[in-house]
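# Chain and residue survey
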Amino acid sequence: MKLILLNLLAALCASALPAGGHCKSGTTCTVGHHSTKAPAPTTGANPGANPPVPANPSYKDACTVKSYADFPTCVASKSTTILIKGPFTVPAEKTVDLTKLKANTRVVLSGTVKFAKSSKLDSDGPALMSVGGAGITFESDASNPGVLDGTGELYWDGKGGNGGVPKPKMFRTSTTGNSVFKGFKILNAPVHVFSIGGSDTTFDNIKIDLSLGATKGGHNTDGFDVSGSGIVIQNSWVHNQDDCLAINKSSGKGVKFLNNTCIGGHGISISVKEGGIVENVLIKDCVVKQSTNAIRIKTLYKATSGHVSNIAYNNVQFDGITKVGVSIQQDYLNGGPTGVAISKMPITGVTFTNVGGSMAAGSKTKSVHLLCAPGMCSDIHFTALKIKAASNNAKNTCSGINPTPAGAGCDKVGTI
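This part covers the state of the cysteines. For the coordinates displayed, the defined rule picks out four disulfides. Across a sulfur-sulfur distance of 2.1 Å, cysteine 63 and cysteine 74 are joined as a disulfide pair. On the S-S bond that ties cysteine 63 to cysteine 74, the torsion sits near -80°, and the link is left-handed. Placement of the pair is cysteine 63 in strand E3 (residues 63-65) and cysteine 74 in helix H2 (residues 71-76), with a sequence separation of 11 residues. Cysteine 63 gets classed as buried once you look at its relative accessible area, which sits at 16%. Cysteine 372 shares a disulfide with cysteine 377; S-S distance 2.0 Å. Its S-S torsion of about -85° marks the bond between cysteine 372 and cysteine 377 as left-handed, since a negative value means left-handed. Cysteine cysteine 286 is unpaired, with the sulfur of cysteine 262 as its nearest cysteine sulfur at 6.4 Å. Since its relative accessible area comes to 1%, cysteine 286 is described here as buried.

A word on unusual backbone geometry. A cis amide bond links glycine 86 with the next residue in sequence, proline 87, at an omega value of 10°. You can see proline 87 is positioned in the loop between strand E4 (81-85) and strand E5 (88-90). Looking along the chain, the bond that leaves asparagine 402 and enters proline 403 is cis, with omega of 0°. Of note in this structure, asparagine 104 is not a glycine but carries a positive phi near 65°. Mapped onto the fold, asparagine 104 is located in the loop between strand E6 (96-98) and strand E7 (106-110). Looking at asparagine 104, the relative accessible area reads 57%, which means it is exposed. The phi dihedral of aspartate 379 falls on the positive side, at around 60°, and the residue is not glycine. Looking at the element boundaries, aspartate 379 is found in strand E32 (residues 377-383).

What counts and how
Residues numbered from 1 in each chain as written. Predicted model: local features only at pLDDT ≥ 70, side-chain atom pairs only at ≥ 80, totals over all residues. Heavy atoms only, no water. Disulfide = S-S within 2.5 Å. Helix = DSSP H or I, 4+ residues; strand = E, 2+ residues; numbered from the N terminus. Buried < 20%, exposed > 50% of the residue type's maximum accessible area, 1.4 Å probe, protein only.

Okay, structure coming up:
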């Protein structure tokens, strides 16, 4: 009987163990009155048993673009993350089309992507890169910052989009649905950098560096050209040879341009052509340096329709302005102002609050220039305008606005 009981006890102990006679890794097995925790596995050489942790887990399901040929595959794939992994070069006469991205796609730019010089692409055709879709995020890789290099130095001839060799625009967007572009750099665009359409899109912490164009013939290198609504551009830096910001048309939710720095170009502009509407714009906490102009509203001199309304400039500071500090002009032509304002496009509800800075020396430089067609400018207000003029600057001019806005320094020479 004693032998039988001992055999029965041994059988019961064996049945307490998992199949194979071993406890499962990391679990606790109890045999009789004793508990034993099985040791955790150690990392071994068998990748099947112990898969390695991805270097960046957030990219583990990404479709990766390592060359131009990979773009169509990734756009057509089921993945909602596309990793553009430079360095590589987009061939001449080719453009990158990302206008058919699935909703909520995330595009990560890692490293540098160059665009080889083309001889046929021009500013009327596709941009070198185009992005569209709803809820799109286009961002830099934090560990390997993203750069798009347009090799503009191979195109520049001092003529921009007005002649010379054909030059493609750099980056066109038609995104919607709270899309975001952030954290990457644009280098040496051939002409206009961002051509922004669509709606409800934010551009944050973008660096546009076309500083080389100042000595190499860069021209018409606008930083942000906006023709969309609900557009926010913030915390960005632009060094170029034309408008830092040019709002061509925008209604409804309008445009916000916040905490940006503009260097070397033509300043912050609202530039409206025939029939255009620009309304509900806020320019705030911005700096303009070493530029021809600081702030401009310009409408086509023969415009017969359209309007500009509800525009606010708040805390815009400038330095080293060579032409005009604050300008409203209704005599604009691309080749230069006509000096005659016959526009029928009204400009109303414009406020300048805490705007100021310093002017460069020059007999044609003036702090304020307001030239409106009769009856076309109204409700224009200046508060705390402070501009330090150089000793040889021209007298400020205000024409076509009745009554003359107080605080604008009209007909003064020197500091306002």
